[in-house]
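Close look at the chain arrangement
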Amino acid sequence: MTRSPVWHPFTQHALEPPMRQVVETEGAYLIDEDGNRILDAISSWWVITHGHRHRAIMEAIARAAARFDQVIFAEYTHEPAEVLARGLVEIAPKGLAHVFYSDSGSTAVEVALKMALGFFHNTGRPRNRIVVMEHGYHGDTIGTMSTGERGVFNAAYEPLLFAVDRLPFPATGREQETLDAFEAFCRKGEVAALLVEPLVLGAGGMKMTTAGLLSGLKQIAERHGTLMIADEVMTGWGRTGSLFACEQAGVAPDILCTSKGLTGGALPLAATLATAEIYEAHFSTDRRKTFFHSSSYTANPIACAAGVANLEIWKSEPVLARIRLLEGMQRERLARLADNPHFSNLRQTGTIAALDLVVPSGGYLSEAGPKLRAFFRDRGLLIRPLGNVIYLMPPYCVTAADLDRAFDAIAEGAVLFARGR
Ligand SMILES: *Cc1c(COP(=O)(O)O)cnc(C)c1O
């Protein structure tokens, strides 16, 4: 067999075995070329919410594909984008009145940063500092890498990254220190925006924070005229137990980024929602105040139709009830591992359960990660630890038996790989 020309993401090809081909997806499962069924316990990198190939979404895609391909989104508009935007404004936190489309989580965040700086630039009081949270992750483009945690992922690109101010990640019960740090940054002035992942910092290791922290940060931002950008790319669409995580803190951000679950995970699409104030700062007879951003595939009609179908599912199906059920199933199984000495820091927010494997040296390059990944793969489970952090973020259609299998494998794997054994 000749070597594949495909270069895979976040993959060290020198260390990975040849990849198996997925030939079909169904519900919580991937099906490979030999007919093996693999439980997708991480929702194919957090995008699949209801389950793979939800019928209503796939049918909406087929219907849209009979009428549309890509349509230029300047000078013209189309129904799927209009209906989706109206639907998003209706369900989003209060005050978010405008929807800007792009095609990935990274671009949604890039758009948010440009909107924030554009807002201050166009209103004649330039500000250019961005405050972020330690361990944050906002994407892999140069701009979003600049705002994320620095480390092995971006060491090579460091010379191109811009400087940001970082808040210390709060230890339990020490939220006030993080709030004080934010207040201090704001007092120095020039802070255009705070960019945060509400409630759960995903790629940084499923690190969980409180609703109180989020509302505290918002209050400080308001006092200083600093914008809050909620990066809900992962946390949106029910992951944390509510449609958007911000709801749990009663926080209405100035800008909200959504992508992964926006189409139920079926097609790439992203939206950056902004307040009327931010939109109006760009609304002018002066062309220089235009929001200068576009991607070729902005508001792809077929992807937007998938997004509309996702909104319909949230209205017509008991999605939140399924999420409650999944929360309970995760909590019960996590509790079974509470006394297991191989694990620490057992935690859960909504549908996301996470725990740390006790290893001699942690961090993303911890050897336990790849060994565990292979161990799970051999058992027909797609689980990808972030270093020594094991987490489950399954689609909402996952069953109790599926979760039992995943948790049993986690317990079994821990015995083999904890403490460097
Ligand atoms: C995945 C993710 C992104 C980046 O999304 P892509 O679609 O991979 O570009 C941004 N922010 C958060 C919080 C994410 O989890």
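So, on to the environment of Asp 286. With respect to the secondary-structure elements, Asp 286 resides in the loop between helix H8 (276-281) and helix H9 (301-316). Judged by its relative accessible area of 25%, Asp 286 is partly exposed. Asp 286 sits 274 residues away from Gln 12 along the chain, and the two C-alpha atoms are 49 Å apart.

What surrounds the ligand is the set Trp 46, Ser 104, Gly 105, Ser 106, Tyr 137, His 138, Gly 139, Glu 197, Asp 231, Val 233, Met 234 and Lys 260. For the ligand, an oxygen atom lies 2.8 Å from a polar atom in the backbone of Gly 105. Taking Ser 106, its side chain carries an N or O atom lying 2.6 Å from an oxygen atom of the ligand. Looking at the shell around the ligand residue by residue, the classes come out as four nonpolar, five polar and three charged.

Between the first and last C-alpha of helix H3 (residues 79-91) there are 18 Å, a value that for 13 residues agrees with the 18 Å anticipated at 1.5 Å per step. Residues Pro 80, Ala 81, Leu 84, Ala 85, Gly 87 and Leu 88 constitute the buried set of H3. Angularly, the buried residues of H3 cover 165° about the axis, an arc narrow enough to put them on a single face. Exposed and oriented more than 90 degrees from the buried face of H3 are Glu 79, Arg 86 and Glu 90. Lining the buried residues of H3 we find strand S4 (96-102), strand S12 (270-275) and H9.

Taken as a whole and judged by the stated rule, the model has one cavity of 30 Å³ or more. Every residue lining the largest cavity is listed: Met 133, Val 196, Glu 197, Pro 198, Leu 199, Leu 201, Thr 209, Leu 213, Leu 214 and Leu 217. Sorting elements by how many residues they give to the lining of the largest cavity places helix H7 (residues 211-223) first, with three residues. Partitioned by chemical class, the residues of the lining of the largest cavity number eight nonpolar, one polar and one charged.

Now for the side chain of Arg 347. Locating Arg 347 in the fold gives a position in strand S13 (residues 343-349). Reaching out from Arg 347, the side chain makes a polar contact with the backbone oxygen of Gly 205 at a distance of 2.8 Å. There is a polar contact of 2.7 Å between the side chain of Arg 347 and the backbone oxygen of Asn 345. Not counting chain neighbours up to four residues away, the residues in contact with Arg 347 comprise Gly 205, Met 206, Met 208, Leu 334, Ile 352, Ala 353, Ala 354, Leu 355, Asp 356 and Val 389.

Formed by 62 residues in total, the largest nonpolar core has its most connected members in Leu 84, Tyr 101 and Ile 383. When residues of this core are assigned to their parent elements, the largest contribution, ten residues, is made by H9. For this core, the two domains that each supply at least three residues are domain 1 (57-316) and domain 2 (319-418). Setting aside residues no more than four positions away along its own chain, Tyr 101 makes contact with Phe 73, Ala 81, Leu 84, Ala 85, Leu 269, Ala 270, Ala 271, Thr 298, Ala 299 and Cys 304. Val 109, Val 111, Met 115 and Ala 274 belong to the second largest nonpolar core, which has 26 residues in total.

Another point: the environment of Pro 198. In this fold, Pro 198 is placed in the loop between strand S7 (191-196) and strand S8 (200-201). Setting aside anything within four residues of it in sequence, one finds Pro 198 in contact with Leu 214, Ala 230, Asp 231, Glu 232, Thr 235, Ala 245 and Cys 246.

Residues of strand S2 (residues 29-32) alternate between two faces, with Tyr 29 and Ile 31 on one and Leu 30 and Asp 32 on the opposite face, all of them buried. Across four bridges, the pairing between strand S1 (residues 22-26) and S2 is antiparallel. Following the sheet pairing, Glu 24 is matched in S2 by Ile 31. Pairing geometry for S2 and strand S3 (residues 37-40), over three bridges, is antiparallel. Pairing of Ile 31 across the sheet is with Arg 37, part of S3. Between S2 and S3, which pair antiparallel one after the other, the connecting turn spans four residues, and Gly 35 there sits at a positive phi close to 85°.

As far as domains go, the chain holds domain 1 (57-316) and domain 2 (319-418). Taken together, the 18 residues of domain 1 in the interface contact 20 residues of domain 2. In this assembly, domain 1 packs against domain 2 so that about 1500 Å² is buried in total across both faces, 71% of it on carbon and sulfur atoms. If you sort the residues of domain 1 by the area they bury against domain 2, Met 206, Met 208 and Arg 239 come out on top, with a joint share of 42%.

Analysis parameters
- Residues numbered from 1 in each chain as written.
- Predicted model: local features only at pLDDT ≥ 70, side-chain atom pairs only at ≥ 80, totals over all residues.
- Heavy atoms only, no water.
- Helix = DSSP H or I, 4+ residues; strand = E, 2+ residues; numbered from the N terminus.
- Buried < 20%, exposed > 50% of the residue type's maximum accessible area, 1.4 Å probe, protein only.
- Near = heavy atom within 4 Å.
- Polar contact = N/O pair within 3.5 Å; in protein donor to acceptor, adjacent residues only side chain to side chain.
- Nonpolar A, V, L, I, M, F, W, Y, C, P; charged D, E, K, R; others polar.
- Expected span 1.5 Å × (residues − 1).
- Arc of directions from axis to C-beta.
- Contact = heavy atoms within 4.5 Å.
- 1 Å grid on protein atoms, 1.4 Å probe; cavity = no way out; pocket = protein on both sides within 12 Å on 5 of 7 lines; lining within 4 Å.
- Points joined across faces, edges and corners; volume = space filled by probe spheres on them.
- Core = buried A, V, L, I, M, F, W, Y, C linked by side-chain atoms within 4.5 Å.
- Domains from an automatic or database assignment.
- Pairing = 2+ DSSP bridges.
- Buried area = accessible area lost by both parts, 1.4 Å probe.

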